[in-house]
Amino acid sequence: MVLHLLGVNLPENKIVRVALTYFYGIGHKTAQQICSKLSIHKTCKLHELSESQIQQISMELSNMKIETDLKREVINNIMHHRSIGTYKGKRHAMGYPVRGQRTKTNARTARRLNGRWIRKEGFSTLANSSNNATSSNPIFKLLPFFIQFKPFDRSLPR
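What counts, and at which threshold
Residues numbered from 1 in each chain as written. Predicted model: local features only at pLDDT ≥ 70, side-chain atom pairs only at ≥ 80, totals over all residues. Heavy atoms only, no water. UniProt positions renumbered as here; feature names shortened; annotations may be inferred. Helix = DSSP H or I, 4+ residues; strand = E, 2+ residues; numbered from the N terminus. Buried < 20%, exposed > 50% of the residue type's maximum accessible area, 1.4 Å probe, protein only. Contact = heavy atoms within 4.5 Å. Areas by Shrake-Rupley, 256 points an atom, 1.4 Å probe, with all protein chains shown as cover. Core = buried A, V, L, I, M, F, W, Y, C linked by side-chain atoms within 4.5 Å. Salt bridge = Lys/Arg side-chain N within 4 Å of Asp/Glu carboxyl O. Pairing = 2+ DSSP bridges. Phe/Tyr/Trp six-rings, centres within 6.5 Å; stacked < 30°, edge-to-face > 60°. Lys NZ or Arg CZ within 6 Å of the ring centre and 35° of its normal.

Per an unreviewed UniProt entry, the protein chain goes by Small ribosomal subunit protein uS13m and derives from Gigaspora margarita. What UniProt records for the protein chain under Subcellular location (unreviewed entry) is the sentence "Mitochondrion". Note on the protein chain: under the UniProt heading Sequence similarities (unreviewed entry), the record states "Belongs to the universal ribosomal protein uS13 family."

Visitor: Could you clarify how one ought to interpret the overall build of the protein chain in this entry?
Guide: Along the backbone of the protein chain there are nine helices and two strands. Burial analysis of the protein chain (158 residues in total) assigns 27% to the buried set. In the protein chain, the share of contacts with a sequence separation of at least 24, taken over all contacts with a separation of at least 6, comes to 49%. Accessible surface, the protein chain: about 11,700 Å² in total, of which carbon and sulfur atoms supply 53%.

Visitor: Looking at this model, I keep getting lost on the nonpolar core. Mind explaining?
Guide: In a soluble, globular protein the nonpolar side chains are often hidden away together inside. Membership of the largest hydrophobic core comes to 21 residues, with the highest contact counts inside it found for Val-16, Leu-20, Phe-23, Ile-57 and Leu-61. Mapped by element, the contributors of at least two residues to this core are β1 (2-5), β2 (8-11), α1 (16-19), α2 (28-37) and α3 (51-62). The contact partners of Val-16, leaving out residues within four places of it in the chain, are Cys-35, Ile-40, Cys-44, Lys-45, Leu-46, Leu-49 and Ile-57.

Visitor: Whenever I open this one, unusual backbone geometry confuses me. Can you help?
Guide: Trans is the prevailing form of peptide bonds, just as negative phi is the prevailing case for residues other than glycine. At Leu-6, a residue that is not glycine, the phi angle is positive and equals roughly 55°. Along the chain, the position of Leu-6 falls in the loop between β1 and β2. For Leu-6, a relative accessible area of 45% corresponds to the partly exposed category. Phi is positive for Asn-106, which is not a glycine, with a value near 65°. By secondary structure assignment, the location of Asn-106 is in the loop between α5 (87-94) and α6 (108-113).

Visitor: What is the right way to read the pattern of salt bridges from this model?
Guide: In a structure, side chains of opposite charge can pair up when their charged atoms sit close to one another. Summed over all chains, the structure comprises three salt bridges. In this structure, Lys-65 and Glu-73 form a salt bridge, with 2.9 Å as the shortest nitrogen-oxygen distance. Note that Arg-72 and Asp-69 form a salt bridge whose closest N and O atoms lie 3.3 Å from each other. Separated by three residues within a single helix, Arg-72 and Asp-69 lie in helix α4 (residues 68-84), roughly one turn from each other.

Visitor: Help me out: how do you make sense of the pairing of β1 in this one?
Guide: Side chains Leu-3 and Leu-5 project from β1 onto a buried face, and the interleaved Val-2 and His-4 project onto a face without burial. Bridge count for β1 against β2 is four bridges, and the pairing is antiparallel. Directly across from Leu-3, in β2, lies its bridge partner Leu-10. Here β1 folds back onto β2, and the loop between the two strands holds two residues, one of which, Leu-6, carries a positive phi near 55°.

Visitor: Looking at this model, I keep getting lost on the packing of aromatic side chains. Mind explaining?
Guide: Any aromatic ring pair is given by two values, namely how distant the centres are and how the planes are angled relative to each other. Counted under the stated rule, the structure contains zero aromatic pairs. The aromatic ring of Tyr-24 is capped on one face by Lys-71, whose charged end is 5.0 Å from the ring centroid.

Written out as structure tokens, the structure is:
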């Protein structure tokens, strides 16, 4: 049997603190804190809970930021960093590791995870947006002038 709680299917034969980790944003420590707050034994399984205990758990979870609210906040934080042009935002946009990890090897996880928010939401990355930016941005019309102009070149006549 499966218990449906706040949009997440929880298997009834699992221990309560393990089943609570099925929610996005709840780890083992938070699940243990919830169980201790509601005085649920650490070996208690979901099918052993009473209806009032299940309601207490759902009330406790409804006060927390979990699932889609937390995912939306993470995406908004990433997009904020990208929009203000920080180093972290640029690293997210290019799919590189964000927190100083090496990139010569072992960046496979970053390539898999850091670009997924942008690809899933349909936002363009820096590499893909260069074609769109050239057609709409007027600075690119002056680009040949900037390339030819060399202010410190001594070969120009005085």
